[in-house]
Amino acid sequence: MAFLCDLGPVRGTGHVMRCVALAEELAARGVRCEVVADFESVPWAADQVAARGFGVHPAAGPVTDALPVLEALGAHATVLDSYVATPALSARLGAGGRPVLAVVDRDARDLVADLYLDQNLGVTPADYPPGLPVLTGPRYALVRDEVLRLRPPAPLAVRRASRPQVLAYFGGTDAYGAGPVVATALARTGVAMDVTVVAPRRELRDAVAEAPWTSGQRLTVTGPPPSLMALAVRADLVVSASGTSLVELACLGCACALVSVVDNQEEGYRLATSTGLAVGIGRLSALRRDTDEAVTALRGVLGDDAQQHRLRQAGWALVDGRGRGRAADRLLGLLESRVT
């Protein structure tokens, strides 16, 4: 099985990480998995893939230039997770009857595939053209082994200590520099807390450290840690983007505050905050100008044990961690039908 994924300082790591989740499921069933992406631009992502025993195949630049690398693998099927892939590229991947699964976000973008997967909140088959074979919603959420091992058997109770534990992270690259903006909002709450901010680049770490922290706020700034989800499951509040990481945080039963970092996160942000899955603290473009509303929202959730518990329950119930198995069943069934 080949995986062709977007990856890069601007494209982030979300496409690769959700493909890793599906690859872990397939590998557990005896399927050999090979991942093609621009690994040279984000070396630590290559380490993550290799550590799981999957093939790492660097392809400089976007997936549109990766076809020679992919075709040389001779895979029997392909999983495509890309915002820049063209319909022509997806059609080439399926040449000769090889099945293609396209992982998409609220829009199939005319990609040619045998099966589509859209794990986003609120999406149903009715959002796609009639007859399109699409697996929709958190029922098919792709969650990694690391998260499944940490998922509690029931939503954890709020662990009110003398100081709330807060984690803030915005993907493997924080391409849009959300970390320092959110750090400023957290500092301005004045709440005594222990804050860990994941900042992948040196300039981001320096900017986070310069936020107006008070003497009662203890700050840890780090690059991508070995086990981000282990930090998340221990936190009283996780502040993150309303992107692909939300499904993993929900699966763990984390209490979340969300930022809409880019336009394609707007709908997910609206649904997550309006349905009680997370607290919204605003859009990044607005927060750069004024963090007052974010400060108010953060103070509210940090001081409200009952609200934190409701958030934990909502996420844990929504994402059961079995979505990747359901997706693998469908993909392998499709592959078997082609072979026979």
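Remember, it's a predicted structure, so these values are computed and weren't measured experimentally. (Residues numbered from 1 in each chain as written. Predicted model: local features only at pLDDT ≥ 70, side-chain atom pairs only at ≥ 80, totals over all residues. Heavy atoms only, no water.)

(A) Just the overall build of the protein chain, in detail. Per the secondary structure count, the protein chain includes 14 helices and 13 strands. Principal axes of the C-alpha set define a box for the protein chain whose edges measure 65 × 35 × 35 Å. Taking all 340 residues of the protein chain together, the buried fraction comes to 54%. Across the protein chain, the fraction of contacts at a sequence separation of at least 24, relative to all contacts at a separation of at least 6, is 63%. When the accessible surface of the protein chain is split by element, carbon and sulfur atoms take 53% of a total near 13800 Å². (Helix = DSSP H or I, 4+ residues; strand = E, 2+ residues; numbered from the N terminus. Buried < 20%, exposed > 50% of the residue type's maximum accessible area, 1.4 Å probe, protein only. Contact = heavy atoms within 4.5 Å. Areas by Shrake-Rupley, 256 points an atom, 1.4 Å probe, with all protein chains shown as cover.)

(B) Highlighting the pattern of salt bridges. Across all of its chains, the model carries 21 salt bridges by this definition. Linking D81 and R18 is a salt bridge whose minimum nitrogen-to-oxygen distance equals 2.6 Å. Here D81, found in strand β4 (residues 78-81), pairs with R18, found in helix α1 (residues 14-28); they are 63 residues apart in sequence, far enough to count as distant. The two residues D81 and R18 agree in class, both being buried. A single salt-bridge network, built from bridges that share partners, covers E24, E25, R29, R52, D145, R324 and D329. (Salt bridge = Lys/Arg side-chain N within 4 Å of Asp/Glu carboxyl O.)

(C) Representation of the packing of aromatic side chains in the model. Applying the stated criterion to the full structure yields zero aromatic pairs. Sitting over the ring of Y140, R139 keeps its end group 5.9 Å from the ring centre. (Phe/Tyr/Trp six-rings, centres within 6.5 Å; stacked < 30°, edge-to-face > 60°. Lys NZ or Arg CZ within 6 Å of the ring centre and 35° of its normal.)

(D) Spatial organisation of the environment of D118. Mapped onto the fold, D118 is located in strand β6 (residues 115-118). Given the relative accessible area of 0%, D118 is considered buried. Sequence-distant contacts of D118, defined by excluding residues within four places in its chain, comprise V104, D105, R106, D107, V123, Y128, L135, T136 and G137.

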